[in-house]
Amino acid sequence: MEEQFVNKPGKTGISRLIDATEYSRQGLIATWRNEAAFRQEVSLAIFLIPAALWLGETGVERALLIGVTLLVMIVELLNSAVEAVVDRVGPEKHPLSKIAKDTGSAAVSISLLLWVSTWACILVPRWLT
């Protein structure tokens with residue numbers, strides 16, 4: 001049987017882009033208000049992104065330092081989305097809900113490990129010489 005795709009009716013072009021931008025803004029605001037970890041990560045990024053521009057010696061180093069900093073926030077946003085959906089389904093404990101939340105948390109942890117290791121790989125050798 002051939003799979004059929006349904007075209008979603010709605011706006012196109014610039015009006016869709018405007019709506020998508022507004023939804024993104026609302027998501028950032030909701031995450032900022034409800035997730036302390038996201039607020040901490042954004043606060044760090046406010047200092048780390050300029051530091052990356054200053055400490056990175058090449059464009060690639062700067063891109064890596066900034067990229068992993070932003071990646072942590074991206075993963076935190078996705079983790080917050082998973083948690084919101086699980087909480088929306090219901091407050092009762094369920095093994096699949098636990099797996100979903102724990103997996104999202106693990107993704108954040110791995111992104112933090114990537115962040116620390118990237119900054120360390122780029123900056124520590126300079127400090128040792």
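Definitions and limits used
Residues numbered from 1 in each chain as written. Predicted model: local features only at pLDDT ≥ 70, side-chain atom pairs only at ≥ 80, totals over all residues. Heavy atoms only, no water. Helix = DSSP H or I, 4+ residues; strand = E, 2+ residues; numbered from the N terminus. Rg over C-alpha atoms; globule rule 2.2 N^0.38 Å. Contact = heavy atoms within 4.5 Å. Lys, Arg positive; Asp, Glu negative; His and termini not counted. Charge placed at Lys NZ, Arg CZ, Asp CG, Glu CD. Core = buried A, V, L, I, M, F, W, Y, C linked by side-chain atoms within 4.5 Å. Buried < 20%, exposed > 50% of the residue type's maximum accessible area, 1.4 Å probe, protein only. Axes fitted to C-alpha atoms, helices over the stretch in contact; angles between N-to-C directions. Parallel < 35°, antiparallel > 145°, perpendicular 65-115°, else oblique. Nonpolar A, V, L, I, M, F, W, Y, C, P; charged D, E, K, R; others polar. Phe/Tyr/Trp six-rings, centres within 6.5 Å; stacked < 30°, edge-to-face > 60°. Patch = residues over 30% accessible without salt bridge, like charges linked within 9 Å, V, L, I, M, F, W, Y side chains within 5 Å. Areas by Shrake-Rupley, 256 points an atom, 1.4 Å probe, with all protein chains shown as cover. Salt bridge = Lys/Arg side-chain N within 4 Å of Asp/Glu carboxyl O.

(A) Region of the structure containing the overall build of the protein. Check the secondary structure of the protein and you find four helices and zero strands. If you list the helices and strands of the protein from N to C, you get α-α-α-α. Computed over C-alpha atoms, the radius of gyration of the protein comes to 19 Å, more than 25% over the 14 Å expected from 2.2 N^0.38 for 129 residues, which places it beyond the range of a compact globule. With the principal axes as the frame, the protein shows a C-alpha extent of 60 × 45 × 40 Å. Partitioning the intrachain contacts of the protein with sequence separation of at least 6 by distance along the chain shows that 64% fall at a separation of at least 24. Of the side chains in the protein, 12 bear a positive and 13 a negative charge, and the two mean positions are spaced by 5 Å.

(B) The arrangement of the side chain of S80 in detail. For S80, the position within the fold is in helix α3 (residues 59-89). Excluding anything up to four places from it in sequence, S80 contacts T31 and E35.

(C) Molecular detail of the nonpolar core. L48, A52, L65, I66, V68, V72, W115, W119, I122 and L123 together form the largest nonpolar core, which totals 10 residues. Of all the elements in the fold, those that place two or more residues in this core are α2 (36-55), α3 and α4 (95-128).

(D) Spatial organisation of the packing of α2 against α3. At a minimum axis separation of 9 Å, α2 and α3 run at an interaxial angle of 170 degrees. With respect to each other, α2 and α3 are oriented roughly antiparallel. Contact residues: A37, F38, E41, V42, A45, L48, I49, A52, L53 and L55 in α2; E61, R62, L65, I66, T69, L70, V72, M73, E76 and L77 in α3. The residue inventory of the contact of α2 with α3, partitioned by class, reads 15 nonpolar, one polar and four charged.

(E) Here's a closer look at the packing of aromatic side chains. The final tally for this structure, using the stated rule, is one aromatic pair. Here W115 and W119 contribute two aromatic rings whose centre-to-centre distance is 6.2 Å and whose plane-to-plane angle is 50 degrees, an arrangement assigned as tilted. On the criterion of helical spacing, the pair formed by W115 and W119 is a turn pair, its members being four residues apart in helix α4. Of the two residues, W115 and W119, both sit in the buried class.

(F) Just the environment of V86, in detail. Along the polypeptide, V86 turns up in helix α3. Residues within four places of V86 in sequence aside, it is in contact with S97, A100 and K101.

(G) Structural context of a nonpolar patch on the surface. There is a patch of nonpolar side chains on the surface, built from L70, L71, I74, L78 and L114 and spanning about 400 Å² of accessible area. If you tally residues by element for the nonpolar patch, the top one is α3, at four residues. Counting through the fold element by element, L71 comes out in helix α3. A relative accessible area of 30% means that L71 is categorised as partly exposed.

Such coordinate-based values are descriptive only and should not be taken to indicate function.
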